[in-house]
Amino acid sequence: MDRVLCDELLQDIFTRLFQSSPSSSSSVSLVSKRWLHLYRASKTSLSLQLDPRTSTIPTLSVLLSHYPFISSLSLLVSSSSTSTTTNFNDQVLFVVSSSCFSYLKQLRFLAGPVRVSSLLALSRTCKNLTSLSISLSRPLSFNWVVSFSCLKELYVCVCGGDGIEEEFDWNRGYRLFPNQELEVELGLESLSLSGIRADDWGIGWLWRSCKRLKTLQLKSCEGICDGGSFVRCLKGLEEVELRTCRSIVDGVLLKLADNCDYLTSLLVYDGGSKEGLLQFISNCRSNLQNLDLRLPLDLDNDHLSSIAVNLRGLSTLRLQSCCLVTGEGLMTLGISMNSRLEELSLINCDVVEREPGLLATLGQNLKQLRKLDLSYNEMLLDKEFILMLISCSYLIELKLRGCRGLTGLTIQSILKSCKKLESIDIMHCGGIGAESVELFVMNSPRLRRVQVEETKLSDVARTWASNRFIEVVA
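Values in this document were obtained by computation on a predicted structure and should not be read as measured data.

**Here we look at the pattern of salt bridges**
Point 1. Under the counting rule described, the total for this entry stands at 19 salt bridges.
Point 2. Between Asp51 and Arg53 there is a salt bridge; the shortest N-O distance is 3.0 Å.
Point 3. On the accessibility criterion, Asp51 (16% relative accessible area) is buried.
Point 4. The exposure class of Arg53 is exposed, given its relative accessible area of 64%.
Point 5. Put simply, Asp261 and Arg285 hold a salt bridge, and the shortest N to O gap is 3.1 Å.

This is the structure in structure tokens:
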């Protein structure tokens with residue numbers, strides 16, 4: 001049979017096999033040298049972890065040469081001294097460049113800073129790159145982005161401290177444009193910046209050149225180096241994430257409210273002020289559909305009331321660790337959005353445990369819910385949750401991770417009320433035992449995915465899940 005099957009047919013079989021059963025890839029590669037070669041040629045995605053102290057550049061070069069059709073490459077370099085890591089990182093990028101990955105579209109280089117010269121070399125060989133994740137050192141320059149003509153997604157982490165000063169002589173060397181103010185139109189649609197400081201410069205050019213942005217992520221940023229340039233990239237934004245950006249979040253939110261007409265999704269984690277967020281909600285001109293907030297001390301009932309009045313297009317609301325929110329605020333929201341809200345998350349929100357009857361009332365008001373996440377409400381009891389489930393007959397996804405107070409009674413109620421459920425997460429639910437898990441797997445007609453500890457999976461549950469193509473994540 002091995003002689004009858006041609007290489008192309010074997011490769012097609014391998015590709016289909018790996019898609020349905022990724023774990024089988026290691027077995028295939030051990031059959032013969034021919035199968036090993038074809039296995040490598042079938043791989044389109046590769047992840048490697050490198051250590052400057054033990055990994056060698058020649059070995060990496062030989063290894064990558066065995067995978068000519070890689071379209072997605074992820075390289076993680078273990079931390080070491082700054083100078084050693086920087087030199088090693090540049091050598092690794094040089095190997096990637098010299099490997100002539102003409103099919104490479106995504107590169108995640110999770111390591112320390114790299115030099116601009118290495119990025120320029122990369123752009124000359126990997127011309128089809130659409131997604132790039134890298135780290136840079138200060139002072140910052142982004143003019144090199146122009147050399148990646150197909151780039152749609154850019155993720156940049158700025159390393160702490162100052163970097164390689166000689167790399168940024170603005171009068172000669174690697175600077176692409178003599179005139180720093182020269183404007184171009186980059187093809188970037190998604191941009192993520194992490195670690196920007198208030199005194200960083202060189203970002204204004206990036207804001208002015210990103211005229212097609214759809215997604216913007218700012219993480220642990222202390223400034224945006226505005227100078228009037230920032231608002232120029234906001235017009236077409238659809239998704240924004242602000243994580244741990246306390247010093248700038250109010251200013252950014254106000255600019256979003258004034259300049260974004262197409263914003264559909266906003267995430268704000270760990271930073272802000274009550275007044276700034278309230279102004280955004282009150283003045284937002286776009287049809288916001290997804291709102292995700294983790295603001296323990298900066299979110300209260302005033303915000304929920306304003307959301308109920310001004311953000312009537314919301315279909316998804318996620319709240320995490322919101323200590324100041326009460327049942328009154330959530331019920332006001334539920335009444336306002338009873339026919340529209342499809343996804344609700346109340347993660348580690350003690351109001352769920354603090355106010356009896358709250359979940360039952362929310363269930364009665366939000367009868368169109370399709371996704372519900374109540375993870376890490378450790379003191380949530382069966383009685384409160386079951387009263388909510390009675391009204392949630394349309395649920396297709398349910399997450400109860402870390403709800404230690406729930407028992408097998410909850411599983412029985414889910415089976416009775418949620419006939420359309422496709423996915424459930426019951427990890428770390430100490431009160432739900434193996435018998436309940438087995439009962440649930442065998443009697444859920446539409447179940448396709450279950451997350452639960454391996455110790456709670458009986459042989460019967462495993463066999464049943466395998467026969468019905470239910471994905472089990474342990």
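**Digging into the packing of helix H9 (residues 274-283) against helix H10 (residues 301-310)**
Point 1. Where H9 contacts H10, the axes come no closer than 9 Å and their chain directions differ by 10 degrees. Viewed along their axes, H9 and H10 adopt a mutual orientation that is roughly parallel. Counted together, Lys274, Leu277, Leu278, Ile281 and Ser282 of H9 and Asp302, His303, Ser306, Ile307 and Asn310 of H10 form the full contact between these two elements.
Point 2. Tallied by class, residues from the contact of H9 with H10 come to 4 nonpolar, 4 polar and 2 charged.

**Description of the nonpolar core**
Point 1. Residues Leu132, Trp144 and Ile414 are the most contacted members of the largest nonpolar core, which totals 137 residues.
Point 2. Each residue touching Ile414, except ones within four places of it in the same chain, is listed here: Phe385, Leu389, Leu398, Leu400, Leu421, Ile424 and Phe440.

**Topic: the side chain of Glu343**
Point 1. By secondary structure assignment, the location of Glu343 is in strand S12 (residues 343-347).
Point 2. Judged by relative accessible area, Glu343 falls into the buried class, the value being 14%.
Point 3. At a separation of 3.1 Å, a polar atom in the side chain of Glu343 contacts the side chain of Arg318.
Point 4. Beyond its immediate stretch of four places on either side in the chain, Glu343 contacts Ser315, Thr316, Leu317, Arg318, Leu369 and Lys371.

**A few points about the packing of helix H14 (residues 382-389) against helix H15 (residues 408-417)**
Point 1. Two elements in contact, H14 and H15, have axes separated by 10 Å at closest approach and are oriented at 5 degrees. Between H14 and H15, the interaxial angle falls into the category roughly parallel. Taking contact as the criterion, the partners of Asp382, Phe385, Ile386 and Leu389 in H14 are, on H15, Leu409, Thr410, Ser413, Ile414 and Ser417.
Point 2. Split into classes, the residues belonging to the contact of H14 with H15 amount to 5 nonpolar, 3 polar and 1 charged.

**Brief notes about unusual backbone geometry**
Point 1. In this chain, Arg138 is followed by Pro139 through a cis amide linkage whose omega measures -5 degrees.
Point 2. Backbone geometry places Tyr376, a non-glycine residue, at a positive phi of 60 degrees.
Point 3. Counting through the fold element by element, Tyr376 comes out in the loop between strand S13 (371-373) and H14.

**Side note on the state of the cysteines**
In a disulfide, the sulfur atoms of two cysteines are covalently bonded to one another.
Point 1. All told, the structure shown has 0 disulfides when counted by the stated rule.
Point 2. Residue Cys159 stays outside any disulfide, its sulfur separated by 5.5 Å from that of Cys157, the closest cysteine.

**A word on the pairing of strand S4 (residues 131-138)**
Point 1. Extensive coverage of S4 is indicated by the burial of 8 of its 8 residues.
Point 2. Where the polypeptide runs from strand S3 (residues 106-110) across helix H6 (residues 116-125) and back to S4, its parallel neighbour, the crossover connection is right-handed.

**Observations concerning the confidence of the model for the protein chain**
Point 1. Mean pLDDT over the protein chain stands at 87; residues scoring 70 or higher make up 87%.
Point 2. Note that residues 162-180 has pLDDT below 50 and, in this model, 39 contacts with residues that lie over four places away or in other chains.

**Looking at the side chain of Ser229**
Point 1. By the secondary structure assignment, Ser229 is in the loop between strand S7 (215-219) and strand S8 (239-243).
Point 2. Accessibility expressed as a relative area gives 6% for Ser229, which makes it buried.
Point 3. For Ser229, the contacting residues outside a window of four places in its chain are Gly204, Trp207 and Arg208.

**Here's the deal with the pairing of strand S10 (residues 290-294)**
Point 1. Bridge count between strand S9 (residues 265-269) and S10: 5 bridges; the pairing is parallel. Paired with Leu267 across the two strands is Asp292, which belongs to S10.
Point 2. Note that the unit made of S9, H9 and S10 has a crossover that is right-handed.
Point 3. Across 4 bridges, S10 lies against strand S11 (residues 316-320) in parallel orientation. Along S11, the bridge assignment pairs Asp292 with Arg318.
Point 4. In this fold, the crossover linking S10 to S11 by way of H10 has right-handed handedness.

**So, empty space enclosed by the protein**
Point 1. Counted under the stated rule, the structure contains 5 cavities of 30 Å³ or more.
Point 2. When its volume is computed, the second largest cavity comes out at roughly 40 Å³.
Point 3. Lining the second largest cavity we find Leu317, Leu330, Leu333, Gly334, Leu341, Leu344, Leu362 and Leu366.
Point 4. Ranked by residues supplied to the lining of the second largest cavity, first place goes to helix H11 (residues 327-336) with 3 residues.
Point 5. By residue class, the composition of the lining of the second largest cavity is 7 nonpolar, 1 polar and no charged.

Conventions and cut-offs
Residues numbered from 1 in each chain as written. Predicted model: local features only at pLDDT ≥ 70, side-chain atom pairs only at ≥ 80, totals over all residues. Heavy atoms only, no water. Salt bridge = Lys/Arg side-chain N within 4 Å of Asp/Glu carboxyl O. Buried < 20%, exposed > 50% of the residue type's maximum accessible area, 1.4 Å probe, protein only. Axes fitted to C-alpha atoms, helices over the stretch in contact; angles between N-to-C directions. Helix = DSSP H or I, 4+ residues; strand = E, 2+ residues; numbered from the N terminus. Parallel < 35°, antiparallel > 145°, perpendicular 65-115°, else oblique. Contact = heavy atoms within 4.5 Å. Nonpolar A, V, L, I, M, F, W, Y, C, P; charged D, E, K, R; others polar. Core = buried A, V, L, I, M, F, W, Y, C linked by side-chain atoms within 4.5 Å. Polar contact = N/O pair within 3.5 Å; in protein donor to acceptor, adjacent residues only side chain to side chain. Disulfide = S-S within 2.5 Å. Right-handed = clockwise from strand over helix to strand, strands pointing away. pLDDT = per-residue confidence, 0-100. Pairing = 2+ DSSP bridges. 1 Å grid on protein atoms, 1.4 Å probe; cavity = no way out; pocket = protein on both sides within 12 Å on 5 of 7 lines; lining within 4 Å. Points joined across faces, edges and corners; volume = space filled by probe spheres on them.

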